[in-house]
Amino acid sequence: MMQRREFLKKGMVGTAGLMLSPKSAWPMPASRTADSRIEVLFDEPIGTISPNIYGHFAENLGGVLYDGIWVGENSRVPNIDGLRKELIEHMRKIKAPVIRYPGGCFADSYDWRDGIGPADKRPRRTNFWANAESEKVPPNHRYDPNAVGTNEFVHFCKLIGAEPYLAANVRSLSAEAFQQWVEYCNSPAGSTTLADTRAAAGYAEPFRVKYWGVGNESWGCGGEFTAQEYAVEFRRFTAWLPSFGDNLSLIASGPNTDDWTWTREFLTELGRKGPGQLRRIYGMALHHYAWNLSRGKTQNWEAGKGDALKFDDVDWYELLREGDRMEGLVTGHWQVLSEFDREHRVKLVVDEWGPWYRPGSEATPGNLLEQIPTLRDAVFSGMTLDIFNRQPEKIAMANCAQLINCLNNLYLAHEDRFVVTPVGRVFELYASHQGGNALRTIFSAPTLHYDRDGKPATFWGLRGSTSVRDKNLTITVVNPSTSDLRLAEVVLRGATVKSATLSWMSDPDIHAHNTFERREALMPQTKSLSLSGGALMVEFPPACVAAMNIQLS
Ligand code: AHR
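So, here is what we can say about the structure in this document. Only a predicted model underlies this, so the values are computations on that prediction, with no experimental measurement involved.

## A word on the state of the cysteines
Overall, the coordinates contain one disulfide when judged by the stated rule. One disulfide bridge connects Cys 105 with Cys 221, the sulfur atoms lying 2.2 Å from each other. Between Cys 105 and Cys 221 the disulfide shows an S-S torsion of about -85 degrees. By sign, it is left-handed. With Cys 105 in the loop between strand E7 (98–101) and strand E8 (125–126) and Cys 221 in the loop between strand E11 (211–214) and helix H7 (227–238), the pair connects residues that are 116 residues apart, well separated along the chain. Cys 105 sits in the buried class, given a relative accessible area of 12%. Here Cys 157 is not cross-linked by a disulfide; its sulfur's nearest cysteine counterpart is in Cys 185, at 11 Å. Cys 400 provides the cysteine sulfur closest to Cys 406, a residue in no disulfide bond, and the two sulfurs are 10 Å apart.

## Considerations on the site of the ligand
Within the structure, the ligand sits among Phe 57, Glu 59, Gly 104, Cys 105, Trp 129, Asn 216, Glu 217, Tyr 289, Glu 352, Trp 356, Gln 402 and Leu 407. Separating an oxygen atom of the ligand from a side-chain N or O atom of Glu 352 is a distance of 2.7 Å. Burial of the ligand by the protein chains amounts to 93% of its free accessible area of 280 Å². Considered class by class, the residues forming the shell around the ligand number six nonpolar, three polar and three charged.

## With respect to the packing of aromatic side chains
A full pass over the atoms with the stated rule returns 27 aromatic pairs. Measuring from centroid to centroid gives 6.3 Å for Tyr 110 and Trp 181, while their planes differ by 65 degrees, and the two rings are edge-to-face. Of this pair, Tyr 110 sits in the loop between E7 and E8 while Trp 181 is found in helix H5 (residues 175–186), placing the two residues 71 residues apart along the sequence. You can call Trp 181 buried: its relative accessible area is 3%. Seen from their ring centres, Tyr 184 and Phe 207 are 6.5 Å apart, and the 70 degrees between their planes marks the pair as edge-to-face. One end of the pair, Tyr 184, is in helix H5; the other, Phe 207, is in the loop between helix H6 (193–200) and E11, and 23 residues separate them in sequence. Since its relative accessible area comes to 0%, Tyr 184 is described here as buried. For Phe 207, a relative accessible area of 4% puts it in the buried group. Feature note: the residues Phe 106, Tyr 110, Trp 112, Phe 178, Trp 181, Tyr 184, Tyr 203, Phe 207, Trp 212 and Phe 237 constitute an aromatic cluster, connected by ring pairs.

## Let's talk about the pairing of strand E16 (residues 411–414)
Going residue by residue along E16, you find Tyr 411 and Ala 413 tucked away on one face and Leu 412 and His 414 tucked away on the opposite face as well. Direction of pairing for E16 relative to strand E17 (residues 417–420): antiparallel, over a ladder of four bridges. Bridge pairing links Tyr 411 to Val 420 in E17.

## Remarks on the packing of helix H9 (residues 313–340) against helix H10 (residues 375–389)
Interaxial distance between H9 and H10 falls to 9 Å at its minimum, and their mutual angle equals 20 degrees. It follows that H9 is roughly parallel to H10 by the angle criterion. In the crossing of H9 with H10, the sense of the turn from one axis to the other is right-handed. Along its contact with H9, which presents Asp 315, Trp 316, Leu 319, Leu 320, Gly 323, Asp 324, Met 326 and Glu 327, the element H10 presents Leu 375, Arg 376, Asp 377, Val 379, Phe 380, Met 383, Thr 384, Ile 387 and Phe 388. Of the residues that constitute the contact of H9 with H10, the class distribution is 10 nonpolar, two polar and five charged.

## Things to note about unusual backbone geometry
Generally, phi is negative for residues other than glycine and the peptide bonds are trans, each holding for most cases. In the segment running from Tyr 101 into Pro 102, the intervening peptide bond is cis, with an omega of 0 degrees. Among the structural elements, Pro 102 can be located in the loop between E7 and E8. Here the bond from Ala 401 into Gln 402 is cis, since omega is 0 degrees, no more than 30 degrees from zero. Along the chain, the position of Gln 402 falls in the loop between strand E15 (395–401) and E16. Of note, the phi angle at Arg 295 is positive, near 60 degrees, even though the residue is not glycine. Within the secondary structure layout, Arg 295 lies in the loop between strand E13 (281–290) and H9.

## A look at the nonpolar core
Nonpolar side chains tend toward joint burial in soluble globular proteins. Formed by 131 residues in total, the largest nonpolar core has its most connected members in Ile 69, Phe 156, Trp 212, Phe 266, Trp 353 and Tyr 411. Ignoring anything within four residues of it in the chain, the contact list for Trp 212 reads Tyr 165, Leu 166, Phe 178, Trp 181, Val 182, Cys 185, Asn 186, Leu 248, Ser 249, Leu 250 and Ile 251. Among the nonpolar cores identified, the runner-up in size contains 26 residues, and Val 468, Ile 475, Val 538 and Ile 550 belong to it.

## What about H10?
Helix length check: H10 (15 residues) gives 21 Å between terminal C-alpha atoms against 21 Å at 1.5 Å per residue, within 8%. Taken across its 15 residues, H10 has 15 buried, putting it largely inside the fold. Where H10 begins, the capping side chain belongs to Thr 374, and its oxygen is found 3.1 Å from the backbone nitrogen of Arg 376.

## Points about the packing of H5 against H6
Running from N to C, H5 and H6 point in directions that differ by 50 degrees, and their axes come no closer than 7 Å. The orientation of H5 relative to H6 falls into the category oblique. Where H5 crosses over H6, the handedness of that crossing is right-handed. On H6, the residues touching Gln 180, Glu 183, Tyr 184, Cys 185 and Asn 186 of H5 are Leu 194, Thr 197 and Arg 198. Looking at the contact of H5 with H6 residue by residue, the class counts come to three nonpolar, three polar and two charged.

The rules behind these values
Residues numbered from 1 in each chain as written. Predicted model: local features only at pLDDT ≥ 70, side-chain atom pairs only at ≥ 80, totals over all residues. Heavy atoms only, no water. Disulfide = S-S within 2.5 Å. Helix = DSSP H or I, 4+ residues; strand = E, 2+ residues; numbered from the N terminus. Buried < 20%, exposed > 50% of the residue type's maximum accessible area, 1.4 Å probe, protein only. Near = heavy atom within 4 Å. Polar contact = N/O pair within 3.5 Å; in protein donor to acceptor, adjacent residues only side chain to side chain. Areas by Shrake-Rupley, 256 points an atom, 1.4 Å probe, with all protein chains shown as cover. Nonpolar A, V, L, I, M, F, W, Y, C, P; charged D, E, K, R; others polar. Phe/Tyr/Trp six-rings, centres within 6.5 Å; stacked < 30°, edge-to-face > 60°. Pairing = 2+ DSSP bridges. Axes fitted to C-alpha atoms, helices over the stretch in contact; angles between N-to-C directions. Parallel < 35°, antiparallel > 145°, perpendicular 65-115°, else oblique. Left-handed = near helix turned anticlockwise from the far one by under 90°. Contact = heavy atoms within 4.5 Å. Core = buried A, V, L, I, M, F, W, Y, C linked by side-chain atoms within 4.5 Å. Expected span 1.5 Å × (residues − 1).

Structure below.
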C-alpha cells in the first residue's frame with residue numbers, strides 16, 4: 001500500500017519508474033495492480049434517486065438570510081430583487097431542487113404574517129436565536145426585520161428553479177394560522193382576501209407550495225412535546241388544510257438521530273384515530289448531525305465537539321464515523337415505519353444533516369453557527385449523499401444544513417465577498433445523480449486501520465453510489481484514507497464503456513479549504529479515463545471525493 005508521504009514525494013521528484021499517462025494528473029507506478037474493485041450491477045436497479053435528496057436548508061439564523069441570501073435591493077452587491085445574484089447563479093448550476101425555510105428552531109417562533117405586505121410596514125421581532133447571538137453581530141441577526149418573508153423566499157426559489165419547503169409553527173401559532181399560510185401561498189388569483197394581499201405584493205399567481213413541515217424538532221425547541229402530545233397536535237394541524245387542487249406533502253417532525261421510541265410512540269398515538277391518519281403523512285423527518293469527536297469520552301454536546309479547521313487524522317476518521325451512522329439511521333427508521341406502514345407510503349425526509357463543530361472558525365467573525373468547511377467536510381458530504389443514493393426507495397428528500405454561512409454550508413458570503421466551499425463543489429460533482437436510476441454496486445477495498453487513543457479502530461476503504469440515465473452512468477466514490485491511494489478496477493456487469501471522465505477533489509493537506517481571499521484553493525479537477533486492455537483502472541488519491549461520468553455504448 002502506498003503511503004501518503006511516499007505518494008506525494010514521488011509526485012514531486014519526477015516520473016522515474018512510473019507510468020505517467022498523458023491524460024493522468026498524478027503518477028502511477030508501472031507495476032501496480034488494483035487493490036480495489038467497483039462492480040456495477042446493471043441487472044440490479046434499486047430505484048429512482050429523488051432529485052430532492054439534493055435539497056437545502058436556509059434558516060433565519062446568524063448570517064444565513066441577512067448578508068447570506070439577502071443583501072437588499074439598494075445594495076452594491078449584485079442582486080436580483082435584493083437576493084444575492086452570485087448565489088442564485090451557483091444554485092442554478094447545481095440544479096438545487098428544494099429549499100427548506102424558515103427553520104429549524106426559528107420556524108416554531110415565526111409568524112408568517114409578519115413577513116408579508118409592504119417591507120417598510122413589517123414589524124421587527126426578536127429572533128429565536130437572539131439569546132445565543134453576541135453583541136457584535138449586526139442588529140438584523142438578533143432582531144428580525146422581516147425584510148425576507150414568504151414572497152422573497154418563494155421568489156428566491158423560483159429564480160433558482162427550486163421548490164419551496166415551508167416549516168409551519170406548531171409551538172406558538174394556531175392551526176388556523178397554518179391554514180391561512182397555505183391559503184396565502186396557494187389560493188388562486190382573486191379567490192381570497194389573502195390571494196389579493198399576495199397579488200398586491202406583485203404575486204397574483206399562486207405559489208403552489210407543495211412541501212409543508214408540521215413543526216420542527218417538536219421533541220425539543222419545537223414545543224418540548226412528548227411524541228403522544230405531538231401526535232395530537234399533528235392531527236389537529238392537519239385535520240383540514242385547503243389543497244386548491246394540489247395534494248400537499250406534509251412532513252411530520254421526526255426523531256433526533258436514533259430515537260426510535262419517538263417514531264413508534266408518535267405513530268401509535270396518531271393511529272389511535274384509525275389507520276387512515278397515516279395517509280396524511282408524506283414524509284417523516286429525521287435529523288442527524290455529526291458532532292461528537294471526543295473518541296467516545298463524552299456525550300456532552302459542548303465538550304464533545306471538535307474544531308472545523310484544526311484536526312488530526314483521527315479526528316478526520318471520527319467525523320466520518322459519526323456521519324456514517326446515517327446508513328443505519330435510515331434503515332433503522334425505515335424498519336420502524338414498516339411496523340405501521342407495510343406498504344411504505346410514508347418516506348423519510350432527512351431535512352437536517354451535516355457536521356457541527358464548536359465555535360471559532362467563522363469566516364465572518366461573530367456569525368452564529370458559521371464554520372469553514374474543509375476537504376474533510378467535502379468527503380463527509382460525498383459519503384452522506386452516497387448513503388442516500390443507495391437507498392432511493394426510502395428517502396424522498398434530504399436537506400443539507402445549511403445553505404450559506406452556517407454549519408455544512410455550500411457557500412460563504414459577507415458583503416460583496418462570496419466563495420463556494422468544498423461542500424458546494426461536492427454538490428456540483430454529484431448533480432448528475434438527480435433523477436437517475438440507482439444501481440447496486442459492490443465496492444471492495446482494504447479496510448482502514450487507525451489508532452483511536454490506544455485502541456484499534458477500523459473504517460471502510462472505498463464506497464460510493466451509482467446511477468444511470470439513458471446512456472450516462474455516474475459513479476461517485478469516496479476514498480476516506482488520509483494516507484493511501486486506491487487503484488480500483490471498475491467493472492460494468494451488463495454494459496460497455498464508450499468514454500469516461502473522472503472529476504475528483506483531493507489535496508495533500510486534509511485541512512484544505514476555500515476562503516474569501518483564496519476562493520479556488522480547493523477545486524475539483526477533471527481528466528479523461530482511458531481503457532487499458534478493456535478494463536477501466538481508476539486511481540483515487542488519498543482523502544478524495546470523486547465522480548466518474550461514463551458514456552455507455
Ligand atoms: O440547524 C441548526 C438547528 O439544529 C436547527 O434550528 C434545529 O432544527 C437543529 O437542532
